[in-house]
There are 2 protein chains.
Amino acid sequence: MAVCSAYTTQSLNSTCSISTPAKTHLGFHQKQVVFYRRSSKRGGSGSSSSPCVITCSAGDSQTVVIGLAADSGCGKSTFMRRLTSVFGGAAEPPKGGNPDSNTLISDMTTVICLDDYHSLDRTGRKEKGVTALDPRANDFDLMYEQVKAIKSGVAVDKPIYNHVTGLLDPPELIKPPKILVIEGLHPMFDERVRDLLDFSIYLDISNEVKFAWKIQRDLTLLKTLQRDMAERGHSLESIKASIEARKPDFDAYIDPQKKYADAVIEVLPTQLIPDDNEGKVLRVRLIMKEGVKHFSPVYLFDEGSTISWIPCGRKLTCSYPGIKFHYGPDTYFGNEVSILEMDGQFDRLDELIYVESHLSNISTKFYGEVTQQMLKHADFPGSNNGTGLFQTIVGLKIRDLYEQITSSKTAAPLEATKA
Amino acid sequence: MAVCSAYTTQSLNSTCSISTPAKTHLGFHQKQVVFYRRSSKRGGSGSSSSPCVITCSAGDSQTVVIGLAADSGCGKSTFMRRLTSVFGGAAEPPKGGNPDSNTLISDMTTVICLDDYHSLDRTGRKEKGVTALDPRANDFDLMYEQVKAIKSGVAVDKPIYNHVTGLLDPPELIKPPKILVIEGLHPMFDERVRDLLDFSIYLDISNEVKFAWKIQRDLTLLKTLQRDMAERGHSLESIKASIEARKPDFDAYIDPQKKYADAVIEVLPTQLIPDDNEGKVLRVRLIMKEGVKHFSPVYLFDEGSTISWIPCGRKLTCSYPGIKFHYGPDTYFGNEVSILEMDGQFDRLDELIYVESHLSNISTKFYGEVTQQMLKHADFPGSNNGTGLFQTIVGLKIRDLYEQITSSKTAAPLEATKA
């Protein structure tokens, strides 16, 4: 049975008045936490009372919480679609809810976007002169309380940041899933939120690749619009400028989170093509922290040694510029890590299965599961390179982590019975 | 039953008078070939008739013939001691024979030194102004006839070149062993001899390493003699000069043989220590020809791909400068080869067994056999680096080759019986 207590987010000991929330439901759900906000600047929710939290202690089930930090927007993330696919079932927005919801729900997982915890909407940010990257534009108290509530098995009414209008929409109900993924700019920024994470990932796209990707996207758009070359030149400048403008806040608030991550996926330009700046062929590094509970790093051939491997040769023929792997121990922000790197891209399925068969600790349930997952989503970006491969592998590692946590919880009472 | 025929080496169709050879025996042995020489310039043998050969056709047993080309002298070779050790039993000079014999005999193997086929002794070479490397100082007809005879199961009276006196001593009887190793300057020089080889090896010491080794040896000698520094400087010059003097003939007659070798062991300076010229730490490459019957190249982790491996890491700790392996396909004088390379040296046994456990196709009969062999001869030069490791592995590969040849011969009649 759940035991609930109410307090304001300002002072955990003060009392607060409680009213039913506005839109998404008509009363308290079992194991639910309701949050109200004081600020009248927040759009949409219609609440006017002081920020008030009801927490209820955990039932017998517990949600495993995964943090994914990434610079780009939410919801559309390929990584999340790969991750949820590993657990079977497609991830979809909540049924019958706000069509602009950023949430993705499947049988096992719920992915929420941390942009929903913006405390300032687009207008508010403009007025105060802060970016969405700035912690002052985000409500970490609410983020902490809601993630904590979900982790302990309690449903919450999570706000929605509408990326189309730039406004805060009325909240949506988030029931505790088996696995909660919190994805966005700041999953590891706040120490309290960070401590709730069972596993954390940082997606680190290098500036060169970000720039190349944005150019590709924008040039495609420009071609469609049949603009002239002069304007393309101008566009390159403005792309560079917009990336540069984001940089100070990115470096101050987003980038430092990577030191806390259990796994970092680094996306860099290839080293196989001299002076490549197309950003089509990528060198991707999976940096895995050592000593993380329920997580054993992937390795190539010989755990703990340093190896570089060009699989293309007598048994496997690859087209230019080929594929090169590297594996070895290293340190990353003072932590002991193992790094697996893939440079280049797959042309065909046999290259992928060949590579998979030589990797160890990938937490597959059957031979070729990585390849099967990659093939299933062959249309996703990065399916022929290290981004897709490592995202898929991280998905499998998270499934393994979830199963280990679950089995250790069911194993504990059995132990107690024996004693 | 052996069928014998007699002819001179000058003309295979001419007849020749036969007398019993001088010293080593008193009559024809069963399956024996007796060789006489015309030249009175040859020392020791005492024969005066024209060169005469008796060949007898093979019996049911056949000798496997291995060629080993190396620049340095014979007999004392560490490689040969490692090779014979793989077959069990120590190699010793023929009992009761010439104490200056270059031959080494064990239960399974007989190693003969090709210096014994010098047609010119030390004085003769000086008179004619040719080095021992020059084919004109060597009797390839006799070498061919005798190796061919032994291979077909017939004992021969092989001359002895006395390295102490520089003269040709009376011949010694060589009975056909299971494995005959012909070691010396020219095992692959003559096409007819080359065609008799079941497997051939070229030991390729780079000039830098030759020079460093010679300096070490000579400086040690100088230290013992308590010479002064000025003379050491002079010595360095003379060492360089003596290596340089050999070079034209070496390049013309010895070096070109490596293109015929089934396996080449290349000894190079380390790349782990920048600008190292001590020659203590070595980079050793085992170059293995593809498609050689009864010989499958050794590989590291993944056959046919390209791999570099630093085993030192979390599981294995090595002292400076560590150990680095490289493996991959390549071409060598137009032939497809696989190359296994080791740079650095072992400090302890656990490093060696760790490396052995990750190599494939090494033809061991039990886990750790390479390590056992290396430990058995820990006092041999190169036991802590790639020279010892690859010599031992080549020894195991030759044992495997021998067993395959033997079993295919015993299998053939069985097949015939079935049909």
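Thresholds, definitions, all that
- What you see as residue numbers is a count from 1 along each chain, following the sequence as written.
- Chain letters and ligand numbers both follow the written order, the letters beginning at A and the numbers at 1.
- With pLDDT at 70 or above as the cut-off, local features in this predicted model cover only qualifying residues; side-chain atom pairs require 80 or more to be listed or tallied, and sums for whole chains, interfaces and linings still use all residues.
- Heavy atoms throughout the structure, all of them, feed into the side-chain values; hydrogens and water do not.
- UniProt positions are given in the numbering used here, feature names are shortened, and annotations may be inferred rather than shown by experiment.
- The superposition of copies rests on a least-squares fit of C-alpha positions from residues with pLDDT of 70 or more in both.
- Every residue pair with non-hydrogen atoms within 4.5 Å of one another is taken to be in contact.
- Only the six-membered ring of Trp is used, alongside the rings of Phe and Tyr, when aromatic pairs are assigned; centres must lie within 6.5 Å, and planes under 30 degrees apart are stacked while those over 60 apart are edge-to-face, with the rest tilted.
- Strands here are runs of E lasting at least two residues and helices are runs of H or I lasting at least four, both read from the DSSP assignment and numbered beginning at the N terminus.
- For every residue, the accessible area (1.4 Å probe, protein chains only) is compared with the maximum for its type, and the residue is labelled buried under 20%, exposed over 50%, or partly exposed between those bounds.
- Here, a charge over a ring is recorded when the distance from Lys NZ or Arg CZ to the ring centre is within 6 Å and its angle to the ring normal is within 35 degrees.
- Values labelled buried area give the accessible surface lost by two parts on being combined, using a 1.4 Å probe and summing over both.
- Salt bridge criterion: a side-chain nitrogen from Lys or Arg within 4 Å of a carboxyl oxygen from Asp or Glu.
- Polar here means any residue other than Ala, Val, Leu, Ile, Met, Phe, Trp, Tyr, Cys and Pro, which are nonpolar, and Asp, Glu, Lys and Arg, which are charged; Gly is therefore polar.
- Note on terminology: a nonpolar core comprises buried Ala, Val, Leu, Ile, Met, Phe, Trp, Tyr and Cys residues joined through side-chain atoms within 4.5 Å.
- Two strands make a pair as long as DSSP finds a minimum of two bridges between them.

In the nomenclature of an unreviewed UniProt entry, chain A is known as Phosphoribulokinase, chloroplastic of Gossypium aridum. Per UniProt, chain A has the following entry under Catalytic activity (unreviewed entry): "D-ribulose 5-phosphate + ATP = D-ribulose 1,5-bisphosphate + ADP + H(+)". Taken verbatim from the UniProt record of chain A, the Pathway (unreviewed entry) comment is "Carbohydrate biosynthesis; Calvin cycle."

Below, the discussion takes up the relation of the copies chain B and chain A. Overlay of chain B on chain A (RMSD 0.0 Å): rotation 180°, translation along the axis 0.0 Å. The operation mapping one copy onto its partner corresponds to a two-fold rotation axis. Among all C-alpha atoms of chain B, that of S308(B) lies closest to the rotation axis, at 2.5 Å. Counting the interface residues of chain B, we find that 100% of their copies in chain A are interface residues as well, pointing to one common contact surface.

Under the counting rule described, the total for this entry stands at 18 aromatic pairs over all chains. Between the aromatic rings of Y299(B) and Y327(B), the centroid separation amounts to 6.5 Å while the plane-to-plane angle is 45°, which identifies the pairing as tilted. Here Y299(B), found in strand 14 (residues 299-300), pairs with Y327(B), found in strand 16 (residues 323-332); they are 28 residues apart in sequence, far enough to count as distant. Neither Y299(B) nor Y327(B) differs from the other in exposure class; each is buried. Taken together, the aromatic side chains of F301(A), W309(A), F325(A), Y354(A), F301(B), W309(B), F325(B) and Y354(B) make up a single cluster linked through ring pairs. The lysine or arginine in question, K210(A), covers the ring of F250(A), its NZ or CZ lying 3.9 Å from the ring centre.

Here we take up the interface of chain B and chain A. The partner chain A presents 22 residues to the 22 residues of chain B that form the contact. For the pair chain B and chain A, the two sides together bury roughly 1700 Å², of which 42% comes from carbon and sulfur. At the junction of chain B with chain A, the criterion picks out four salt bridges. Linking E336(A) and R314(B) is a salt bridge whose minimum nitrogen-to-oxygen distance equals 2.6 Å. For the side of chain B that touches chain A, the secondary-structure elements that each account for two or more residues are strand 15 (306-310), strand 16 and strand 17 (335-344) of chain B. Broken down by element, the side of chain B that touches chain A gets its largest block of residues, five residues, from strand 15 of chain B. Here the side of chain B that touches chain A is built from residues that sort into eight nonpolar, seven polar and seven charged.

Grouped together as the largest cluster of nonpolar side chains are 118 residues, with contacts concentrated most on L389(A) and L389(B). Beyond its immediate chain neighbours, meaning those up to four positions away, L389(A) contacts F325(A), M342(A), F346(A), L352(A), V355(A), V370(A), M374(A) and G382(A). Of all hydrophobic cores here, the second largest spans 33 residues; its members include Y144(A), A149(A), L185(A) and M188(A).

Residues and elements named next belong to chain A. For strand 11 (residues 199-205), the buried fraction is high: seven of the seven residues fall into the buried class. Taking every second residue as pointing to the same face, both faces of strand 11 are buried, with F199, I201, L203 and I205 on one and S200, Y202 and D204 on the other. Pairing analysis gives five bridges linking strand 5 (residues 64-70) to strand 11, with the strands arranged parallel. Residue A70 lies in a different strand from strand 11, and its bridge partner there is L203.

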